[in-house]
Amino acid sequence: MIIPPERLTEEALRGVIEGYITREGTDYGEHELSLPEKVEALMPQVVLGEVLIVFDEESESVNLVNKRDYQPPATETA
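All figures in this text were calculated on a predicted structure; none of them were measured in a lab.

Visitor: Which parts of the structure should I look at to understand the pattern of salt bridges?
Guide: For side chains of opposite charge, pairing can occur when their charged atoms come near one another. In total, this model carries two salt bridges according to the counting rule given. A salt bridge links Glu40 to Arg14; the shortest N-O distance between them is 3.1 Å. Remark: Arg14 occurs in helix H1 (residues 10-24) and Glu40 occurs in helix H2 (residues 35-47); sequence separation between them is 26 residues. With a relative accessible area of 44%, Glu40 lands in the partly exposed category. In this structure, the salt-bridge partner of Glu32 is Lys38, at a minimum N-O distance of 3.0 Å. On the basis of relative accessible area, Lys38 is assigned to the buried category, the value being 11%.

This is the structure we're talking about:
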């Protein structure tokens, strides 16, 4: 299930993004960025819908997925 970012409080949205960054160990190029810098780089992509917030009901987990890579489960229509 896709969770629209506007349905989350700013604090919750930031928490989802921080959780993703720390869990995935994302790499942002040649220079290491701080967690706040990584959040600020990813936040606009989430707000603009380029990166989707996806809740998996089976595992009860939240993940971020690039919109072009998202494949909804067979029971969900996008």
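Visitor: Before we go on, may I ask you to explain the nonpolar core in this structure?
Guide: Within soluble globular proteins, side chains that are nonpolar generally end up buried alongside one another. Residues Ile3, Leu13, Ile17, Tyr20, Ile21, Val39, Leu42, Met43, Val46, Val51, Ile53 and Leu64 constitute the largest nonpolar core, which totals 12 residues. Taken together, the elements giving at least two residues each to this core come down to H1, H2 and strand S2 (51-56). When neighbours within four sequence positions are excluded, Val46 is seen to be in contact with Pro5, Leu13, Ile17, Val51, Ile53 and Leu64.

Basis of the calculations
Residues numbered from 1 in each chain as written. Predicted model: local features only at pLDDT ≥ 70, side-chain atom pairs only at ≥ 80, totals over all residues. Heavy atoms only, no water. Salt bridge = Lys/Arg side-chain N within 4 Å of Asp/Glu carboxyl O. Helix = DSSP H or I, 4+ residues; strand = E, 2+ residues; numbered from the N terminus. Buried < 20%, exposed > 50% of the residue type's maximum accessible area, 1.4 Å probe, protein only. Core = buried A, V, L, I, M, F, W, Y, C linked by side-chain atoms within 4.5 Å. Contact = heavy atoms within 4.5 Å.

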